[in-house]
Amino acid sequence: MPSHLFADRPAQPPEPGSVDALISQTRRLRGEVDAVRRDTVVDDDDAQGRWQRALCDLAVHHLDDLGQHLGQLKEGLPPAPQQPVEAPAVAPGATVEDRQTRVGSAEWNLLTDEVTWSEELFQIFGRSPEAGALPLDELGSTLFSEDQPLLTAMVTDCLVDGKPIDGEFRIVRADGRVRTLHMRGEPVLDSDGCTASMWAVLRDVSELRRSQRAVRESRDSFQRHREIAQTEHRLAVELQEAVLPPWRGSLRFPHDSTGALDVAAYYMPSASSALIGGDWYDALELSDGRSLLTVGDLTGHGVTATSGMAMMLGALRGMAMAGIEPGPLMGWLNQLLESSVQPALGSAVCCRYDPARRLLSWAQAGHPAPLLFRDGQGRSLQPPEGVLLGATSGAVYGQAEERLEAGDVVVLHTDGLTPRSIEFSRADGTERLLALAPRFSTARSAQECVRIVTEEFGDNEREDDACVLVARIGL
């Protein structure tokens with residue numbers, strides 16, 4: 001690489017038009033990237049957002065450098081030798097710090113001990129021109145002590161062996177600020193082939209290195225968050241699979257009674273989130289010959305929600321086996337959730353079915369009421385009193401009864417099956433379910449009814465997971 005001061009002939013600048021076009025493109029691209037950076041909303045817990053913002057910052061720094069180099073390329077090299085190099089042109093939109101501390105040049109003449117620094121280099125070092133440029137043997141005094149051996153080795157290799165200089169080190173300016181500099185240079189030989197001087201270009205890469213470090217740190221943070229999320233998802237799935245009923249397909253009980261239940265259920269994960277929610281379903285034959293039917297949902301996602309769901313479902317099963325009726329049972333669940341370590345809200349519906357009388361007794365806590373389908377028609381049962389679980393202390397939950405007939409179909413579901421939005425309310429989702437009544441009337445099993453529901457709602461872009469349980473009354 002020829003010296004910028006001792007070149008045999010000055011470099012010829014490229015055609016102005018082509019460089020102007022590149023500068024315009026760089027300016028436009030820099031503005032677009034900066035707009036994306038300003039629009040990026042970063043939360044403290046958003047590792048991916050911080051990584052994207054750091055990448056935008058790094059891209060802006062690179063584009064600033066590119067614009068600066070193109071500006072210098074447009075200006076060309078100074079025509080007269082032995083003159084300090086002109087300050088490189090500044091990229092459009094560069095900050096005040098960019099104008100002051102980007103690139104500087106220096107030459108150390110070994111024959112005359114003359115030292116020439118550009119104005120930009122004085123600014124980079126935070127040194128006034130009146131104080132004079134630093135000779136090579138004093139340059140190391142501004143460096144971190146651990147970086148001084150690197151500079152000594154680079155200068156020695158350049159002056160003794162004629163090797164080019166290419167390395168980075170940190171300096172401490174007079175004002176106490178630390179800057180990271182990238183230094184590139186070469187020896188200048190005289191006519192006898194001896195080293196006459198050394199020139200170098202020093203570039204302040206502090207902001208660039210900070211941006212690169214921010215990218216690495218945010219990327220590592222994002223990777224850690226993703227690994228944690230994957231681990232939590234796996235644990236939540238394993239916990240959910242361990243807690244929810246193991247049966248698949250239709251379940252029939254009691255086996256030796258008229259009016260027996262044909263039960264089937266299905267869990268539908270969220271279509272927009274990898275997190276597992278706190279939805280549950282269960283059907284259980286009780287010791288007195290009656291049956292328990294329940295679905296519910298706890299707020300939240302992940303291990304916390306599934307562990308809370310496991311606690312609630314275990315308590316519900318135990319109290320149902322102990323003979324506690326649905327209304328009082330809901331009161332105990334409310335007290336349990338209120339006193340739990342992890343505060344949460346929940347909704348649930350709990351039904352107790354007596355096959356001998358074909359009587360359905362049920363209670364609800366802020367949950368969609370069961371839907372009853374009979375003779376090709378469907379309706380929602382009138383809900384008794386009941387607020388969300390964990391919402392208030394000492395809540396009282398009412399209990400309702402419904403006499404069922406052979407062939408009736410009862411559908412229990414969680415909120416996520418018919419998600420509410422600006423366009424659709426819970427009533428709209430209920431109407432869609434009730435519209436399935438003609439198809440339910442021709443279904444031959446509870447499993448077939450579940451299949452009808454999943455065909456209707458399974459492709460929805462739901463934000464939450466959902467459960468549906470169907471019970472069909474036998475002859």
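Provided above is the structure to which this section pertains.
Description of the structure in this document. Please read all numbers here as calculations on a predicted model, not as lab measurements. (Residues numbered from 1 in each chain as written. Predicted model: local features only at pLDDT ≥ 70, side-chain atom pairs only at ≥ 80, totals over all residues. Heavy atoms only, no water.)

## Section: the overall build of the protein chain
Looking only at helices and strands, the protein chain has 12 helices and 16 strands in total. Buried residues in the protein chain amount to 44% of all 475 residues. Taken as a whole, the protein chain presents about 23800 Å² of accessible surface, with 52% of it coming from carbon and sulfur. (Helix = DSSP H or I, 4+ residues; strand = E, 2+ residues; numbered from the N terminus. Buried < 20%, exposed > 50% of the residue type's maximum accessible area, 1.4 Å probe, protein only. Areas by Shrake-Rupley, 256 points an atom, 1.4 Å probe, with all protein chains shown as cover.)

## With respect to the nonpolar core
Counting residues in each nonpolar core, the largest one holds 50 residues, and the members touching the most others are Trp280, Leu293, Met330, Leu389 and Leu469. With near-sequence residues (within four places) excluded, Leu469 lies in contact with Val263, Ala264, Ala265, Tyr281, Asp282, Ala283, Leu293, Thr294, Val295, Val410, Val411 and Leu412. (Core = buried A, V, L, I, M, F, W, Y, C linked by side-chain atoms within 4.5 Å. Contact = heavy atoms within 4.5 Å.)

## Things to note about the pattern of salt bridges
Scanning the model with the defined rule gives 21 salt bridges in all. Residues Asp64 and Arg30 are paired through a salt bridge, measuring 2.8 Å at the closest nitrogen-oxygen approach. Placement of Asp64 in helix α2 (residues 47-75) and of Arg30 in helix α1 (residues 16-39) is noted, with a sequence separation of 34 residues between them. Residue class for Asp64 comes out buried when judged on its relative accessible area of 4%. Looking at Arg30, the relative accessible area reads 11%, which means it is buried. Between Glu325 and Arg290 there is a salt bridge; the shortest N-O distance is 3.5 Å. Separated by 35 residues along the polypeptide, Glu325 in the loop between α8 (303-321) and α9 (326-338) and Arg290 in the loop between β8 (277-285) and β9 (291-301) bring together distant segments of the chain. Overall, the relative accessible area of 27% leaves Glu325 in the partly exposed class. Each of Arg179, Asp204, Glu207 and Arg210 takes part in a single network of salt bridges with overlapping partners. (Salt bridge = Lys/Arg side-chain N within 4 Å of Asp/Glu carboxyl O.)

## Thoughts on the packing of α8 against α9
At a closest axis distance of 10 Å, the pairing of α8 and α9 adopts a crossing angle of 145°. Helix-helix and strand crossings are classified by hand; for α8 and α9 the assignment is right-handed. For the pair formed by α8 and α9, the contact residues are Met311, Met312, Ala315, Leu316, Met319 and Ala320 on the first element and Leu329, Trp332, Leu333, Leu336 and Leu337 on the second. For the contact of α8 with α9, the class distribution of residues is 11 nonpolar, no polar and no charged. (Axes fitted to C-alpha atoms, helices over the stretch in contact; angles between N-to-C directions. Left-handed = near helix turned anticlockwise from the far one by under 90°. Nonpolar A, V, L, I, M, F, W, Y, C, P; charged D, E, K, R; others polar.)

## A short note on the pairing of β8
Along a regular strand, successive side chains alternate from one face of the sheet to the other. Counting buried positions along β8 yields seven of nine residues, so the element is predominantly enclosed. Where β8 folds back onto β9 in an antiparallel hairpin, the turn is made up of five residues, including Gly289, whose phi is positive at roughly 95°. (Pairing = 2+ DSSP bridges.)

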